[in-house]
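# Report on the structure
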Amino acid sequence: MTQASLLSVEDLRTYCYTRAGVVKAVDGVSFALERGDSLGLVGESGSGKSMTCNSILRLLPRPAARTVGGRVLWEGRDLLTLPEREMRRVRGREIGMILQDPLMSLNPVFTIGNQVGEPFRLRGAAKGRSDLREKVLDVLRQVHIPSPEARLSQYPFEFSGGMRQRTVAAIALAGSPGLLIADEPTTSLDVTIQDQFLRLLRELQEKTGMALILVTHDLGIVAETCNKVAVMYAGKIVEFGDVRQVLTSPSHPYTEALLKALPVPGTRQRRLYQIPGEPPNLLDPPAGCAFEPRCHRAMQACRNARPPIKKLSDGRQAACLALEAREVR
Amino acid sequence: MLRYALKRLGVGLLCLVGVSIIIFVAMRLAGDPTLLLLPDDATEQDRIELRQELGLDKPLPVQYAIFVTDAVQGDFGTSTRWKMPAMELVLARLPATLQLAGLAFLIAITIGLLSGVTSATTRGSVFDQGVRLGVTLGLAVPVFWVGLIFIMVFAVDLGWFPTSGRGSFAHLILPAVTMALNPAAAMSRLSRSAMLGVLGADYIKMARVKGNSEARVVWKHGLRNAAIPVATLAGIQLANMIGNTVVVETIFAWPGIGKLIIDAIFARDFAVVQAAICVVAAAYIILNLAVDLTYGLLDPQIRYD
Amino acid sequence: MQTRREFLVSSALVTAAVGLPRIGFAQSQDNITIAIGDEPTTSDQTVAWTGVDYNTIENYAEYLFPRNTDGEIVPGLAAEWTYSEDGKTLDVTLRDDVVFHSGDKFTAQDVVFSYERGIDKSATVKNRLRSLDNIEVKDDYHLTFHFSAPDVTFLPNRGAAMIASNSYFDRVGEEEFSRQPSGTGPYKFSSYAVGEYVEVERFDEYWGAVPPIAKARFIFVPEETTRVASLQAGETDLIMACPYYAVKGFDAVGDFKTVKLPVNHPTMSIVFSTQNPEDPWHDRRVRLALAHAVDTDAIINGVLFGVPQRLAFLAPYEVGYDPDLEPYPYDPEKAKQLLAEAGYPDGFDMELNYAITGRVQMNPQVAEAVAAYFEAVGVRTKLVGEEWEAYRSKYNAAKEPGSSYVALFTHGRAGSPDPTYNLGLFFRAGGPISIYNNPELDAINAEATATMDEEMRGELIKKAVRLIHEDVPSFPIYNNFAVYAMKSSVNFTPTQGFNFDLVLVKDMSFA
């Protein structure tokens, strides 16, 4: 990387302290993001995707979870070392987040107008009530909410699911962030609404130039919306690279398996492919490659040490010893 | 909203009638007031005459009918114990109880909410454990004992407050705090659990994501939601307090309606008991209505039912 | 080392600094704050009928024949009086220099008015004047009472009716007369805050000795512990009905003292109903056995903190007092022997009734102690405690033939206006508080009641008392004492009266 990236996560480690022991939820994650990028962060439940995002914004449930190592460089500053007061200024204004369940993301007792206006009020962006009102209406229009004037005094329970999620997006937008983290934003939406919403996100990105991290377990969404993808497994990134490249010719066996598991439209399949085995117990991770027990390319060496993430010839990164072996060959 | 309030008032009125009947019958079943209204050396003839004078020799329904006709015009009879119009006596003593219950309620809700919410946000800390211990004690200690201990320690030994009676604001403090302990404990416990429930919600996370300080997250975003169940409990407790001031009023010689009712019951003073119970019942009903309306203010979903 | 007095003073200063003195009534040498138990039922002296009324009223209203602190009837509103030979006529000469607080002059007309109104409005006055036929007014300052039968209790009752002003009543009407009463006493009624206090002020035109203290406030503090606390905290100068348990504490500290008044009534007794021949206590020996079974001295010292006393029947100052009459000695062996003789060698089961509420202190504890003594001689006792009205109703029902009843009761022996009064009330068949039936006793008492001559009456009374002592329809546990506690700077001489322990401010002063 010649110039500083917008966001550069270096060897991020976040551990969870439970009664049963220490869970290495994020175990050495590194990636970089440029302005305007949209990164798809994929993986199974428990792979560490949400934890990574929470770690970036330092919204971990203390004292249960803590970031214990690494750096998160945002526009050159290490977020992990910022005092809380300044971190608060980063949140909402420079980096925003939207969550999975739109109903629960909105406070049931405050009006839409109030909630969408809050980011403006927090950064002192509005000069007076009518200015604030204008800004709120503007941002509601940007997310294509119809008749926004009427919405201002309404409450979340009066909205449909799709409208609520747009409202959440409006709230995020109101902060004018340079990066938006969307943690499974479409999982609880209808399929048709999902599509609309993703298109909205793309539109907003184009308009404002903000970067996007899209956390999902759905490779189809990643294919449509993102330009980069990071595949996570057991708290680590196993493959990283351009979306088209990774999805058409995956390097890591896990990525291969994921793609294989996708049902192919137009064909009749007797049985969907299932990745054999189970995800590892993060309380007691294996010394070697975490995917090794389930990997069809597993070698003896895989059990001994964690494969480091290596840059491949085409700019992608992957952490797989078998891959190296292939490349070498 | 108006229709709702009116409907509740109507139900309340029915309740009032029901209560008055129950009290009416119960008092007359409880015993002969002439034993208490005449000196020890009175004869049986004296008692018979007095019963006639008080109208107690008529059949019960007739007595009730007379009571209702008079009551509707504002005449609740004359107190046999205090020799003045019963309702006048009750209304004269009501403000003292309202004052006491009111301050006790304010103290209870303030301490309850503050300690409960802070307990929730500092879960597991020494403060949290201290509050939970306090809650257990507050729920367990008998009011009578606490009141007397307060008098002994704060009034006699330390001399910070007067021992009893009503006069300045300082007279109000010990009795109000004594009354507030139990409800404060209950509200603290409820606030804590309500807050814990709320703090796990996504909108709380979103509030943090927006960049709110932790204090604003808790006290602005969280409290409004946690307050809803607490408001219901608070309303019930305030109404209860009005009825439960007896012990505190006796210990602290506070001239309120609770002590009046007990004295009237012991003296079989029907007129005063009836008048007082009607007033207390009415207060209870009005307060319940106020709680329902407050509930609507806090929770927008209720308003639109 | 800081004395308690310094501590109290500094507490008072802190208290004052926080702005606490009771509103409008600064504590000083001229004003006294007194804590009484319950508030009066009325302020009107002609309506007053029960104990709580007299605490306040007797400060501003008077009877014709007052009693001094030694307990003697002395001249007052009635300057002179003479009984006729047969005791049915009483000529009275009134003082001519008395003025009511309202300014009206006191004349015989006021006496007639007060008596008529008292009989009409107060059941207590009515009861006491049953033998009064009429009052004949001779002139403004001379009148004669005519009785249908000689009444030995009339003078000891001080004339029974308190005096109010007829002209005042005519002038202001019923309501104002009741709310703003006017009397002839050394203090005048000042104000009444319902549920809180009554205030009285010195009356400088009083016909008698003008008392030292200028103003008094009686505050109502029903909870005895709080009363004690108020004295300890310095908020009150004197409290009445000081609970027995606090006496030692107050006496031990130099800043306070207690004054005990042997009121002697009621006599807390174990009372038997003898209506049911099936009851073991129908047999006189059983009753006597139980009388011997109880160690009343131990109860007085152990449960009642050594404050009251037990009399055999009458107090030494009463007519007919018998110095040779011994109370039943504590003798459990004799008790068991008597029980065996009566046919209960293994004892029997019984219920002992007592009142949980009411103004007698330590009732449950005394009942438990008595039950324990009964158990010790083999009488298995179940305690039945009830609220006062229910308990009293049960007592009344014990007159009925066939009823089985034993109770710890507020009975009457000593401390009445005249012993014949209590004998009639508590022992006469059909007496209002009697569940006993003894024709021989009734005959003697009837005769005594009609005997004006004290010595002769005294002999008859002795006979009657002996009868009761032999028959044991009840036996005494202890006689009531009134205890007043006060700051040591207060001097107070209580009046030896009967029934009602009075708090007369005229007998109080600051040292």
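In this convention, every chain numbers its residues from 1, walking through the sequence in written order. Both sets of labels track the order of writing: A upward for chains, 1 upward for ligands. For this predicted model, a pLDDT threshold of at least 70 governs which residues receive local features, and a threshold of 80 or more governs which side-chain atom pairs are given and counted, while totals over whole chains, interfaces and linings are taken from all residues. By convention in this description, side-chain values take in all heavy atoms of the structure and omit both hydrogens and water.

Starting at the N terminus, helices and strands are each numbered in turn, a helix being any DSSP run of H or I of at least four residues and a strand any DSSP run of E of at least two. A tally of helices and strands in chain C yields 15 helices and 18 strands. As a reference, a globule follows 2.2 Å times the number of residues to the power 0.38, and the radius of gyration itself is taken over C-alpha atoms. Relative to the compact-globule value of 24 Å for 511 residues, chain C shows a C-alpha radius of gyration of 24 Å, a close match. Counting only C-alpha atoms, chain C reaches 70 × 70 × 40 Å along its principal axes. Any two residues having at least one pair of non-hydrogen atoms within 4.5 Å are treated as being in contact. A separation of at least 24 residues holds for 70% of the contacts in chain C among residues at least 6 apart in sequence. Surface accessibility of chain C: about 19400 Å² in total, with carbon and sulfur atoms responsible for 50%. We treat Lys and Arg as the positive residues and Asp and Glu as the negative residues; His and chain ends play no part in the count. For this purpose, a charge sits on NZ of Lys, CZ of Arg, CG of Asp or CD of Glu. Here chain C contributes 44 positively and 73 negatively charged side chains, and the mean placements of these two sets differ by 3 Å. Accessibility throughout is a Shrake-Rupley quantity obtained with a 1.4 Å probe, and a residue counts as covered only by protein chains that appear here.

We now examine the arrangement of the chains. With 2 pairs of chains in contact overall, the greatest share of contacts is found between chains B and C. For the non-touching pair chain A and chain C, the nearest C-alpha separation works out to 43 Å.

Before going further, it helps to spend a moment on the interface of chain B and chain A. Residue-level contacts link 22 residues of chain B with 26 residues of chain A. When two parts are brought into contact, each loses some accessible area as probed by a 1.4 Å sphere; the total of that loss over both is the buried area. Between chain B and chain A lies a buried interface of about 2300 Å² when both sides are counted; carbon and sulfur atoms form 62% of it. Salt bridge, as applied in this entry: a Lys or Arg side-chain nitrogen positioned within 4 Å of an Asp or Glu carboxyl oxygen. Inspection of the region where chain B meets chain A yields 2 salt bridges. Side-chain atoms alone can form a polar contact between residues adjacent in sequence; in general such a contact is a pair of N or O atoms within 3.5 Å, and within protein one must be able to donate a hydrogen while the other accepts it. Where chain B touches chain A, the interface holds 10 residue pairs in polar contact (both at pLDDT 80 or more). Among the elements of the structure, helix 9 (202-209), helix 10 (214-243) and helix 14 (300-303) of chain B are those that each provide at least two residues to the side of chain B that touches chain A. Split into classes, the residues belonging to the side of chain B that touches chain A amount to 8 nonpolar, 6 polar and 8 charged. Charged means Asp, Glu, Lys or Arg here, nonpolar means Ala, Val, Leu, Ile, Met, Phe, Trp, Tyr, Cys or Pro, and polar covers whatever is left, Gly included.

Our focus in this paragraph is the interface of chain C and chain B. By a frequent convention, interface size equals the accessible area lost on bringing the separate parts together. Residue-level contacts link 48 residues of chain C with 48 residues of chain B. Both faces considered, chain C and chain B share a buried interface measuring about 3900 Å² in area, 55% of it formed by carbon and sulfur atoms. Linking chain C with chain B are 7 salt bridges. A salt bridge links K126 of chain C to D46 of chain B; the shortest N-O distance between them is 3.3 Å. Our enumeration of links across chain C and chain B arrives at 8 residue pairs in polar contact (both at pLDDT 80 or more).

Residues and elements named next belong to chain A. Only when DSSP finds a minimum of two bridges between them are two strands counted as paired. One open sheet holds the 4 strands; their spatial order is 2-1-4-5, and the pairing between them is antiparallel. Strands at the two margins of the open sheet, each flanked by one partner only, are strand 2 (22-33) and strand 5 (77-78). Looking at chain direction, strand 1 (residues 7-17) and strand 4 (residues 65-74) are connected through 8 bridges and run antiparallel. Bridging from a neighbouring strand, V9 pairs with V72 of strand 4.

This next bit is on the side chain of K487 of chain C. Along the chain, K487 of chain C falls in strand 16 (residues 482-487). Among the polar contacts made by the side chain of K487 of chain C, one reaches the side chain of D237 of chain C at a distance of 2.9 Å.

Glancing now at the sheet that holds strand 6 (residues 95-98) of chain A. Residues and elements named next belong to chain A. Spatially, 6-7-8-3-9-10-12-11 is the arrangement adopted by the 8 strands of the open sheet, whose pairing is mixed. Of all the strands in the sheet, just strand 6 and strand 11 (310-311) have a single pairing partner and so form its edges. Strand direction decides the pairing type here: strand 6 and strand 7 (residues 179-183), joined by 4 bridges, are parallel. Across the sheet, I98 pairs through a bridge with A182, a residue of strand 7. In this analysis an axis means a line fitted to C-alpha atoms, helices contributing only their contacting stretch, and an angle means the value between N-to-C directions, from 0 to 180 degrees. Contacting strand 3 (38-42), strand 6, strand 7, strand 8 (211-216) and strand 9 (228-233), helix 1 (residues 49-57) crosses the sheet at an angle of about 145° to strand 6.

Following the criterion strictly, the structure yields 49 salt bridges over all chains and no others. Its salt-bridge partner being K126 of chain C, residue E49 of chain B comes within 3.9 Å of it at the nearest N-O pair. Placement of the pair is E49 of chain B in helix 3 (residues 44-54) and K126 of chain C in helix 4 (residues 123-128), with the two residues belonging to separate chains. Partly exposed describes any residue whose relative accessible area lies between the buried limit of under 20% and the exposed limit of over 50%, with all areas from a 1.4 Å probe on protein chains only and scaled to the type maximum. Owing to a relative accessible area of 27%, K126 of chain C belongs among the partly exposed residues under this scheme. Between K382 of chain C and E351 of chain C there is a salt bridge; the shortest N-O distance is 3.7 Å.

The next thing to look at is helix 1 (residues 2-30) of chain B. Residue and element names in this part refer to chain B. A helix is expected to span 1.5 Å multiplied by its residue count minus one. Taking 1.5 Å of rise per residue, 29 residues should cover 42 Å, and helix 1 covers 42 Å from first to last C-alpha, within 8% of that figure. For helix 1, the complete set of buried residues consists of A5, G12, S20, I23, F24, M27 and R28. Positive phi appears at G31, one or two residues downstream of helix 1, with a value of about 150°.

A separate point is the packing of aromatic side chains. Ring pairs are drawn from Phe, Tyr and Trp, using the six-membered ring of Trp, whenever the two centres fall within 6.5 Å, and their geometry is named by plane angle: stacked under 30 degrees, edge-to-face over 60, tilted for the rest. Enumeration according to the criterion identifies 33 aromatic pairs over all chains in this entry. Taken together, a centroid distance of 4.7 Å and an interplanar angle of 55° make the contact between Y233 of chain A and Y254 of chain A tilted. Within this pair, whereas Y233 of chain A is found in strand 9, its partner Y254 of chain A is found in helix 11 (residues 253-261), the two being separated by 21 residues in sequence. Considered together, Y233 of chain A and Y254 of chain A belong to a single accessibility category, that of buried residues. Here Y484 of chain C and F492 of chain C contribute two aromatic rings whose centre-to-centre distance is 4.9 Å and whose plane-to-plane angle is 75°, an arrangement assigned as edge-to-face. Of the two residues examined, Y484 of chain C and F492 of chain C, each falls in the buried class. Over the face of the ring belonging to F110 of chain A we find K220 of chain B, whose NZ or CZ atom lies 5.5 Å from the ring centre. For a Lys NZ or an Arg CZ to count as sitting over a ring, it must be within 6 Å of the ring centre and within 35 degrees of the ring normal.

The next subject is the pairing of strand 16 of chain C. All names here are of chain C. For strand 16, the buried fraction is high: 6 of the 6 residues fall into the buried class. Here strand 9 (residues 238-239) pairs with strand 16 via 2 bridges, running antiparallel. If you follow I239 over to strand 16, its bridge partner there is A485. Bridge analysis of strand 10 (residues 256-261) against strand 16 gives 6 bridges, and the strand direction is antiparallel.

Moving on, we come to the confidence of the model for chain C. Residue and element names in this part refer to chain C. The quantity known as pLDDT measures the predictor's confidence residue by residue, on a range of 0 to 100. Of all residues in chain C, 94% have pLDDT values of 70 or greater, and the mean over the chain is 90. Segment residues 6-24 is flagged for pLDDT under 50; beyond a separation of four residues in sequence, or across chains, it makes 33 contacts in the model. What the predictor reports for the complex is a pTM of 0.76 with an ipTM of 0.83.

Glancing now at the packing of helix 9 of chain B against helix 10 of chain B. Residue and element names in this part refer to chain B. Where helix 9 contacts helix 10, the two axes come as close as 10 Å, and the packing angle between them is 150°. As judged from the angle between their axes, helix 9 and helix 10 are roughly antiparallel. Helix-helix and strand crossings are classified by hand; for helix 9 and helix 10 the assignment is right-handed. Counting all contacts with helix 9, which are made through Y203, I204, A207 and R208, the residues of helix 10 involved are E214, V217, H221, G222 and N225. Of the residues in the contact of helix 9 with helix 10, the class split is 4 nonpolar, 3 polar and 2 charged. We call two directions roughly parallel when the angle between them is under 35 degrees, roughly antiparallel when it is over 145, roughly perpendicular when it lies between 65 and 115, and oblique otherwise. Crossing chirality is assigned from the near helix's rotation relative to the far helix, an anticlockwise turn below a right angle marking it left-handed and a clockwise turn marking it right-handed.

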